[in-house]
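Understanding the architecture of this molecule
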Amino acid sequence: MTLFSAALLFFLVMDPFGNIPLFLSALRQTPRERQPRVIVREMLIALVILLVFMFFGQQLMDLLEVSPAALGVAGGVVLFLIALKMVFPDAGGLHEQIEGEPLVVPLAVPLIAGPSAISAAMLMASRQPGDWPLWTGALLIAWAASGSILLAATRLSRHLGARGLVALERLMGLILTVIAVQMLLSGIAQFLHLTTAQPAL
């Protein structure tokens, strides 16, 4: 996976366009002049969480005796489910209004550092741990792009409108669906290769 494709994957699973309405709803009771500082703080918290799972997720998987193939299949399934929700969004879930100023939940987790982003970070780092500078760079690029979009959430929401945001989120969901299927197939292929390579007892 190249720097561009890895950054694109992180950007898609962070889903900044789909998160714009959720961020605006969560920050409704926060003074407008303080909202950018809150967004930057939550983005930094999410970045730290993703980096922790990227660098120490493999140790956790080893402790739980989870193979890279199983992680690949699980990551593909999670990404596929996330992509389906992006293409076919529902009205429930995180759309409820948050009382007071949000801290960590729900902006940093799970909107930015959600299960799909954490799975993607762990999967990349476990498959090719020697390429950690590439994965870190891809994560930082996607994080910066997502943060820039969320900082401009009010203006984007006003210019694109509700329909425009939904259309962008569904387009991103379609692209993520293809990536998720490829990840799932790669995990299955890796599992089959390991199974056939084992000597018969």
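Please read these numbers as outputs of a predicted model, since none were measured by experiment.

**Some words on the overall build of the protein**
Scanning the protein from N- to C-terminus turns up eight helices and zero strands. Going from N to C terminus, the protein has its helices and strands arranged as α-α-α-α-α-α-α-α. Here the C-alpha atoms of the protein give a radius of gyration of 18 Å, agreeing with the 17 Å that 2.2 N^0.38 yields for 201 residues. Taking the principal axes of the C-alpha coordinates as reference, the protein spans close to 65 × 30 × 30 Å. For the protein, with 201 residues in total, the buried portion stands at 41%. If you take every contact in the protein between residues at least 6 apart in sequence, the share linking residues at least 24 apart comes to 92%. Between the averaged position of the 11 positive side-chain charges in the protein and that of its 11 negative side-chain charges there is a distance of 12 Å.

**Remarks on helix H4 (residues 68-87)**
The end-to-end C-alpha distance of H4 is 28 Å, a good match for the 28 Å that 20 residues give at a rise of 1.5 Å each. The set of residues buried in H4 consists of Ala69, Leu71, Gly72, Gly75, Gly76, Leu79, Ala83, Met86 and Val87. Down the axis, H4 shows its buried residues gathered within 150 degrees of arc, on one side only.

**Some remarks on the nonpolar core**
With 53 residues, the main nonpolar core has Leu9, Phe10 and Leu176 as its most contacted residues. Where this core is concerned, the elements lending two or more residues are helix H1 (3-14), helix H2 (16-26), helix H3 (35-63), H4, helix H5 (107-112), helix H6 (115-127), helix H7 (132-151) and helix H8 (153-197). Those residues in contact with leucine 9 that sit more than four places away from it in its chain are Met1, Leu79, Ala120, Met124, Leu176, Ile179 and Met183.

**Examining the UniProt feature "transmembrane region" (unreviewed entry) in the protein**
Under the feature "transmembrane region" (unreviewed entry), the UniProt entry names residues 6-27, 39-57, 69-91, 103-126, 132-153 and 174-192. Overall, residues 6-27 shows 91% helix and 0% strand. The separation of its end C-alpha atoms is 30 Å. Split by type, residues 132-153 is 95% helix and 0% strand. Its first and last C-alpha atoms lie 31 Å apart.

**Here's the deal with the side chain of glutamate 42**
The residue glutamate 42 is located in helix H3 in this model. On the basis of relative accessible area, glutamate 42 is assigned to the buried category, the value being 1%. Side-chain polar atoms of glutamate 42 contact the side chain of arginine 41, separated by 3.0 Å. Setting aside chain neighbours within four positions, we find glutamate 42 in contact with Pro102, Leu103, Val104, Leu107 and Ala108.

**Details of the environment of arginine 34**
The topology assignment puts arginine 34 in the loop between H2 and H3. Classification of arginine 34 as partly exposed rests on a relative accessible area of 29%. In this structure the C-alpha to C-alpha distance between arginine 34 and alanine 180, which are 146 residues apart in sequence, comes to 37 Å. Those residues in contact with arginine 34 that sit more than four places away from it in its chain are Arg41 and Glu101. Looking at arginine 34, its side chain comes within polar contact range of the side chain of glutamate 101, at 2.6 Å.

Definitions and cut-offs
- Residues numbered from 1 in each chain as written.
- Predicted model: local features only at pLDDT ≥ 70, side-chain atom pairs only at ≥ 80, totals over all residues.
- Heavy atoms only, no water.
- Helix = DSSP H or I, 4+ residues; strand = E, 2+ residues; numbered from the N terminus.
- Rg over C-alpha atoms; globule rule 2.2 N^0.38 Å.
- Buried < 20%, exposed > 50% of the residue type's maximum accessible area, 1.4 Å probe, protein only.
- Contact = heavy atoms within 4.5 Å.
- Lys, Arg positive; Asp, Glu negative; His and termini not counted.
- Charge placed at Lys NZ, Arg CZ, Asp CG, Glu CD.
- Expected span 1.5 Å × (residues − 1).
- Arc of directions from axis to C-beta.
- Core = buried A, V, L, I, M, F, W, Y, C linked by side-chain atoms within 4.5 Å.
- UniProt positions renumbered as here; feature names shortened; annotations may be inferred.
- Polar contact = N/O pair within 3.5 Å; in protein donor to acceptor, adjacent residues only side chain to side chain.

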